[in-house]
Amino acid sequence: KWRNAMTVPRELKIKHAGDDMFVTSEPVSELNKIESTPVEFKDIKIEKSFDFSSKIKTELPCRLDLCFDKANDFSIILSNDTGEKLVIGYEKDHNQYFIDRTQSGKTDFEKDFSAKHFAPRLINADTINISLIIDVSSVELFADHGLSVMTEIFFPTKPYNHISFQSDDVMIKKLKYSRLKSIW
C-alpha cells in the first residue's frame, strides 16, 4: 500500500517466489557511488542485545546491509539520547517485517501516525537479507532482495545517533555499514 514518497530511486524486477511472481524493488546500483568505504563485521551473535554504536560512530544518512543466519525474531533500534526510537524488525510467528514508530519522536500531529506497520515476508527461506537506507527522517527497508519493501518517515526531536540490535537467538552473518555522502 502506498503511503508516502520513496526516498531513493529503485530498480524493479520480476521474481519467482514459490508458484507466484512478484515485482521486486531494490535501490539502484548508482547509490553505491555515494557510499563511503564500507565497514564490515561478520558473525555477530545476538543473545539479548548488541550496541552497534559502541563499535563504530554511526552517522546518518547511512546504509546497513545485513544477512541473518536464520529467520528468528529480531529488532534493529535507531535511537537518540532523549530516548526516542524507531524499531525495525521481523516477527517469525507471523512471518512479517515491521517498523514501529510509536516512540519515534513527534507523533501527535495525526492520530494514525504513531503506529507499528507490517509487511508480509513472501518467502520461507532460512536466512534473511536486509538493506536499510536510513536518513535523518526516513528509513527504507528492502528485504529478501526486494520482495518485501517498506518506507517510513519519522520526526525525532534530536537526530538518531545510536543503532542497536535485539534478539533472543540470532547470528548476523554479515553486517556492512556505509555512510552516504551528499549528492548536493
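Residues numbered from 1 in each chain as written. Predicted model: local features only at pLDDT ≥ 70, side-chain atom pairs only at ≥ 80, totals over all residues. Heavy atoms only, no water.

### Observations concerning the sheet that holds strand β9 (residues 116-120)
Quick note on the threshold: Two strands pair under a simple rule: DSSP has to find at least two bridges between them. Put simply, DSSP marks the helices as runs of H or I at least four residues long and the strands as runs of E at least two long, and each gets a number from the N terminus on. To get an axis, a line is fitted to the C-alpha atoms, and for a helix only the part in contact is used. The angle between two axes follows their N-to-C directions and goes from 0 to 180 degrees.
Overall, antiparallel pairing links the six strands, which are arranged β4-β13-β6-β7-β8-β9 in an open sheet. In this open sheet, the two edge strands, each paired with only one partner strand, are β4 (49-51) and β9. The mean inter-strand angle of the sheet, taken between neighbouring strand axes irrespective of direction, is 15°.

### Describing the environment of leucine 132
Just so we agree on the cut-off: Accessibility here uses a 1.4 Å probe with only protein chains present; expressed as a share of the type maximum, an area under 20% marks a residue as buried, one over 50% as exposed, and anything in between as partly exposed. Whether two residues are in contact is decided by their heavy atoms: any pair within 4.5 Å suffices.
Relative to the helices and strands, leucine 132 resides in strand β10 (residues 128-134). For leucine 132, a relative accessible area of 0% gives the class buried. Placed 44 residues apart in sequence, leucine 132 and isoleucine 88 show a C-alpha to C-alpha distance of 9.5 Å. In contact with leucine 132, not counting residues within four places along its chain, are Cys62, Arg63, Leu64, Leu66, Ile76, Ile88, Val139, Glu140 and Leu141.

### Observations concerning the nonpolar core
Defined as follows: Side-chain atoms within 4.5 Å are what join buried Ala, Val, Leu, Ile, Met, Phe, Trp, Tyr and Cys residues into a set we call a nonpolar core.
In terms of nonpolar packing, the biggest core is built from 36 residues, with Leu66, Ile130, Leu132 and Phe165 touching the most fellow members. Formed by five residues, the second largest nonpolar core is a distinct cluster that contains Leu31, Ile133, Phe142 and Leu180.

### Some thoughts on the pattern of salt bridges
Our working definition: Think of a salt bridge as a Lys or Arg side-chain nitrogen and an Asp or Glu carboxyl oxygen that are within 4 Å of each other.
All told, the structure shown has 14 salt bridges when counted by the stated rule. Across the pair arginine 63 and aspartate 65 runs a salt bridge, and its minimum N-O distance is 3.2 Å. One exposure class covers both arginine 63 and aspartate 65, and it is buried. Taking the shortest distance from any N to any O, the salt bridge between arginine 101 and glutamate 152 comes out at 2.8 Å. Note that arginine 101 is positioned in the loop between β8 (96-100) and β9 and glutamate 152 in strand β12 (residues 148-153), a separation of 51 residues in sequence. Each of Glu35, Arg63, Asp65 and Lys176 takes part in a single network of salt bridges with overlapping partners.

### Describing the side chain of arginine 10
Counted only if it meets this: Throughout this description, a polar contact denotes any pair of N or O atoms lying within 3.5 Å of each other; where both atoms belong to protein, one of them has to be capable of donating a hydrogen while the other can accept it, and for residues adjacent in sequence the pair is counted only when both atoms sit in side chains.
The residue arginine 10 is located in strand β1 (residues 10-17) in this model. Polar side-chain contacts of arginine 10 include one of 2.9 Å to the side chain of threonine 151. When sequence neighbours within four positions are dropped, the list of residues in contact with arginine 10 reads Ser25, Glu26, Pro27, Val28, Glu140, Phe142, Val149 and Thr151.

### Quick word on the packing of aromatic side chains
Just so we agree on the cut-off: Stacked, edge-to-face and tilted are the three classes for Phe, Tyr and Trp ring pairs, Trp counted by its six-membered ring, which pair at centre distances within 6.5 Å; planes under 30 degrees apart are stacked, over 60 edge-to-face, the rest tilted. Counted as over-ring charges are cases with an Arg CZ or a Lys NZ within 6 Å of the ring centre that also lie within 35 degrees of the ring normal.
Per the stated rule, a full pass over the model turns up eleven aromatic pairs. Note on phenylalanine 68 and phenylalanine 74: the rings are 4.0 Å apart at their centroids and 15° apart in plane angle, and the pair reads as stacked. We classify phenylalanine 68 as buried; its relative accessible area is 1%. Residues tyrosine 90 and tyrosine 97 carry aromatic rings whose centres are separated by 5.3 Å and whose planes lie at 50° to one another, so their mutual orientation is tilted. The pair formed by tyrosine 90 and tyrosine 97 is uniform in burial state, with each residue classed as buried. Here arginine 101 stacks its cationic end above the ring of phenylalanine 113, 3.6 Å away from the centre of that ring. Stacked on the ring of tyrosine 90, the Lys or Arg arginine 121 has its end atom at 5.7 Å from the ring centre.

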